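The primary structure of each chain is shown beneath.
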Amino acid sequence: MINVALIGMGRIGRIHATNLSNEPRASLRMICDIQASSENIAEQYGAAFSASPESVIQDPAIDAVFICTPAHTHIDLAKLAVQNGKYVFCEKPIDEDLEKARRFVETDPASAAKVMIGFHRRYDEAHRKLRQAVESGARGGIEQIIINSRDPQIGSYAVLANTGGIFRDMMMHDIDQAALLLPEKIVGVFARGTCLVDPIFAKNGDFDNAVATFWTNSGVTCTIINSRRSLFGFQQVIEIYCSGGTVSIGTQAEATVSTRDGAGEHLSKPPGHFLERYQSAYQVECQTFIESIESGKAFPVTALDGLRALKLADAADRSARFGQPVTIKD
Ligand SMILES: NC(=O)c1ccc[n+]([C@@H]2O[C@H](COP(=O)([O-])OP(=O)(O)OC[C@H]3O[C@@H](n4cnc5c(N)ncnc54)[C@H](O)[C@@H]3O)[C@@H](O)[C@H]2O)c1
C-alpha cells in the first residue's frame, strides 16, 4: 500500500483526491492546504488535515506526495519532498520559474526522476491512438501540426490568477503534445498574445488569446491556438498533416446528437470542461503513478518532460511580449 499526502485541495486537487480514494493500492492519508476550510473536505476523504506542507512532507508515514498547489510553489515543494525520500506527482507546469526548474532537473537528475509531471493527455485514449497512427509512419512524415484548444469562459479570473500566464498554463499541455509528436527538436517560435475576452487578463499582464508557431530545423511547423472563451464548450482539435495524408482528433462527442429543424442543423454541446473531457485520463494517470512506484519502474513522464515544455512555453511567452521570433537552444 502506498501512503499518499495531497497538497493543494483546489480544482485539480479534488480530482486527484477522488481518484486516489478509488485506487486500491493507495491510501490517501493526509490532505494539506493553507486554507483551513479544506479541513472539512479532508474529513470527507477520511484523511488527516494539515495546513503545513513542510510537516506533511516530513512525515515518515508518507511514501508519496501529490503537489496540486499554484505553479510558483512546485519546485520548492517537490525538492523538499524528494529530499525527504518521497515520490512526487507534480501538477504542470513544473514551475513558473524556468531557472529554478532548470537547476532542479539539471543539477540532480536522480531526484528529478522521482518526480512525475501531470500531463494527463498522455493517458487519453484518443491522444494515444493519434500518436500511434503518426508513429506507424503509414501516412508519411509530419509536415505540419495544428492544435486548437479553447476553454469555456471561467466565472472568475481568481481561478487563473496564479497560473503563470496562458503559455505556461493552458498552452503547456499542447506544447507537451507537440514535442512528443515531432520527430525533431523545436528550435524556434513566433507567438502572439491578445486580450479579447476580458481586460482583467491584460491588467494582470496575461493574455486570453494566444497563437504560437513552433518550428524544427527541417522546417516542420506546429501552430497552437488557445482561447479562454469557447461558448460551445471545451474544444480540442488536432490535425497532423503528413506527406501522405492527415491524422486528426476532434473534441470528444460520444453523446452528441444531431438535430435538424427550420433553423438548420444543431449539435449538442461537448463535455463542459477539460475536467470532464479528461476524467478517465486523470484516473489512468493516478493509476500509472501508483503502479510505477509499486513495480519500481521509471515514471513515464518525468521532470525532464516538464522542463522541456516549460522552456518552450517560456520562449513563446517572451516572443509574444517582445513581438519577435525566439530561437530555442538547449
Ligand atoms: N492537469 C490539469 O488538467 C490541470 C487542471 C487544473 C489545474 N492544473 C494545475 O494544478 C495546479 C493547481 O491548479 P488549481 O486550478 O487546482 O488551483 P486552485 O487555486 O483551484 O487550487 C490550489 C490550492 O492550493 C492551495 N495552496 C496554495 N498555496 C499552497 C501552499 N503553499 N501549501 C498548501 N496549499 C496551498 C490553495 O489554497 C488552493 O486550495 C496548477 O499548477 C495548475 O496549472 C492542472
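Remember, it's a predicted structure, so these values are computed and weren't measured experimentally.

A. Up close: the overall build of the protein. Of the regular secondary structure elements, the protein holds 13 helices and 15 strands. Over its C-alpha atoms the protein spans a radius of gyration of 20 Å, differing by no more than 12% from the 20 Å that the globule rule assigns to 330 residues. Expressed along its principal axes, the backbone C-alpha trace of the protein runs to roughly 55 × 50 × 45 Å. Looking at the protein residue by residue over its 330 residues, the buried ones come to 50%. When contacts within the protein are restricted to residue pairs at least 6 apart in sequence, those whose partners lie at least 24 apart make up 70%. Of the roughly 15000 Å² of accessible surface on the protein, 50% is carried by carbon and sulfur atoms.

B. Seen up close, the domain arrangement of the protein. Domain parsing of the protein yields domain 1 (2-121 + 281-301) and domain 2 (124-277 + 310-327). Averaged C-alpha coordinates put domain 1 and domain 2 at centres separated by 26 Å. At the junction of the two partners, domain 1 supplies 22 residues and domain 2 supplies 21 residues. Taken over both partners, the interface formed by domain 1 and domain 2 buries close to 1900 Å², and the fraction arising from carbon and sulfur atoms is 61%. Linking domain 1 with domain 2 are three salt bridges, by the criterion used here.

C. The packing of helix H9 (residues 171-181) against helix H13 (residues 303-322), seen in detail. Remark: H9 packs on H13, axes separated minimally by 9 Å, with the N-to-C direction vectors making an angle of 115°. In terms of axis orientation, H9 runs roughly perpendicular to H13. Note that H9 runs across H13; the crossing there is right-handed. Judged by residue contacts, Met172, Ile175, Asp176, Ala179 and Leu180 of H9 engage Arg308, Ala309, Leu310, Leu312 and Ala313 from H13. Split by residue class, the contact of H9 with H13 holds eight nonpolar, no polar and two charged.

D. The arrangement of the nonpolar core in detail. Ranked by internal contacts, the top residues of the largest apolar core, which has 97 residues, are Phe167, Phe214 and Ile240. Per-element tally for this core: the top contributor is H13, with nine residues. Here this core gathers at least three residues from each of two domains, domain 1 (2-121 + 281-301) and domain 2 (124-277 + 310-327). Ignoring anything within four residues of it in the chain, the contact list for Ile240 reads Leu130, Val134, Ile142, Gln144, Ile145, Leu181, Gly245, Thr246 and Val247.

Reading guide: rules and limits
Residues numbered from 1 in each chain as written. Predicted model: local features only at pLDDT ≥ 70, side-chain atom pairs only at ≥ 80, totals over all residues. Heavy atoms only, no water. Helix = DSSP H or I, 4+ residues; strand = E, 2+ residues; numbered from the N terminus. Rg over C-alpha atoms; globule rule 2.2 N^0.38 Å. Buried < 20%, exposed > 50% of the residue type's maximum accessible area, 1.4 Å probe, protein only. Contact = heavy atoms within 4.5 Å. Areas by Shrake-Rupley, 256 points an atom, 1.4 Å probe, with all protein chains shown as cover. Domains from an automatic or database assignment. Buried area = accessible area lost by both parts, 1.4 Å probe. Salt bridge = Lys/Arg side-chain N within 4 Å of Asp/Glu carboxyl O. Axes fitted to C-alpha atoms, helices over the stretch in contact; angles between N-to-C directions. Parallel < 35°, antiparallel > 145°, perpendicular 65-115°, else oblique. Left-handed = near helix turned anticlockwise from the far one by under 90°. Nonpolar A, V, L, I, M, F, W, Y, C, P; charged D, E, K, R; others polar. Core = buried A, V, L, I, M, F, W, Y, C linked by side-chain atoms within 4.5 Å.

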